[in-house]
Amino acid sequence: QVQLVESGGGLVQAGGSLRLSCAASGRTFSSYAMGWFRQAPGKEREFVCVISKSGASTYYTDSVKGRFTISRDNAKNTVFLQMNSLKPEDTAVYYCAARNSYTGSATGVGYDYWGQGTQVTVSS
């Protein structure tokens, strides 16, 4: 079992930055690829990015490439999402999720554990 708790969301102006954190319980954090997803009001949940178990590999959806950076600290059981140059269309609830395998993780399916989400609001 893995419990995930996101933090770091808030209100920011367009062009600003936020850093989200996702703290995981348990001693098996490094056994999971970690992904970030988001869901805007009235829209389906969307894959944002993923990082491999070791942190050596990452993958981003096109809309955030060059602006968002995912990283992890396995010693602290935490995954981060640095978001720069934020746009109003980035407004959403952001979720972190854990998956047993990095392979296929960009499909957005097969994630076993989810956090409760943190709200990110970008004003224009």
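### Focus: the overall build of the protein chain
Then comes step 1: For the protein chain, the count of helices and strands is zero helices and eleven strands.
Then comes step 2: Put simply, the protein chain has 124 residues, and 45% of those count as buried.
Then comes step 3: By sequence separation, contacts in the protein chain at least 24 residues apart represent 58% of the contacts at least 6 residues apart.
Then comes step 4: Side-chain charges of the protein chain comprise 12 positive and 8 negative groups, with the mean position of each set lying 6 Å from the other.

### Description of the nonpolar core
Then comes step 1: Residues Leu4, Met34, Trp36, Leu81, Met83 and Tyr94 are the most contacted members of the largest nonpolar core, which totals 30 residues.
Then comes step 2: Among the secondary structure elements, those contributing two or more residues to this core are β3 (18-24), β4 (33-39), β5 (46-51), β7 (68-73), β8 (78-83), β9 (92-99) and β11 (118-123).
Then comes step 3: In terms of nonpolar packing, the next biggest core, distinct from the first, is built from six residues, Phe37, Val50, Ala97 and Tyr111 among them.

### As for the packing of aromatic side chains
Then comes step 1: The tally for this structure, following the rule as stated, stands at six aromatic pairs.
Then comes step 2: Aromatic pair tyrosine 32 and tyrosine 113: ring centres 5.8 Å apart, planes at 80 degrees, arrangement edge-to-face. Within this pair, whereas tyrosine 32 is found in the loop between β3 and β4, its partner tyrosine 113 is found in strand β10 (residues 113-114), the two being separated by 81 residues in sequence. Residue tyrosine 32 shares its accessibility class with tyrosine 113, and that shared class is buried.
Then comes step 3: Seen from their ring centres, phenylalanine 37 and tryptophan 114 are 4.8 Å apart, and the 55 degrees between their planes marks the pair as tilted. Here the residue phenylalanine 37 occupies a position in strand β4, and tryptophan 114 occupies one in strand β10, the gap between them amounting to 77 residues.
Then comes step 4: With a relative accessible area of 28%, tryptophan 114 lands in the partly exposed category.
Then comes step 5: Three or more aromatic residues joined by ring pairs form one cluster here, namely Phe37, Phe47, Tyr59, Tyr111 and Trp114.
Then comes step 6: A cation sits over an aromatic face here: arginine 45 above tryptophan 114, 3.8 Å from the ring centre.
Then comes step 7: The ring of tyrosine 111 carries arginine 99 above its face, with NZ or CZ at 5.8 Å from the centroid.

The rules behind each value
Residues numbered from 1 in each chain as written. Predicted model: local features only at pLDDT ≥ 70, side-chain atom pairs only at ≥ 80, totals over all residues. Heavy atoms only, no water. Helix = DSSP H or I, 4+ residues; strand = E, 2+ residues; numbered from the N terminus. Buried < 20%, exposed > 50% of the residue type's maximum accessible area, 1.4 Å probe, protein only. Contact = heavy atoms within 4.5 Å. Lys, Arg positive; Asp, Glu negative; His and termini not counted. Charge placed at Lys NZ, Arg CZ, Asp CG, Glu CD. Core = buried A, V, L, I, M, F, W, Y, C linked by side-chain atoms within 4.5 Å. Phe/Tyr/Trp six-rings, centres within 6.5 Å; stacked < 30°, edge-to-face > 60°. Lys NZ or Arg CZ within 6 Å of the ring centre and 35° of its normal.

Remember, this is a structural readout, not a statement about activity or role.
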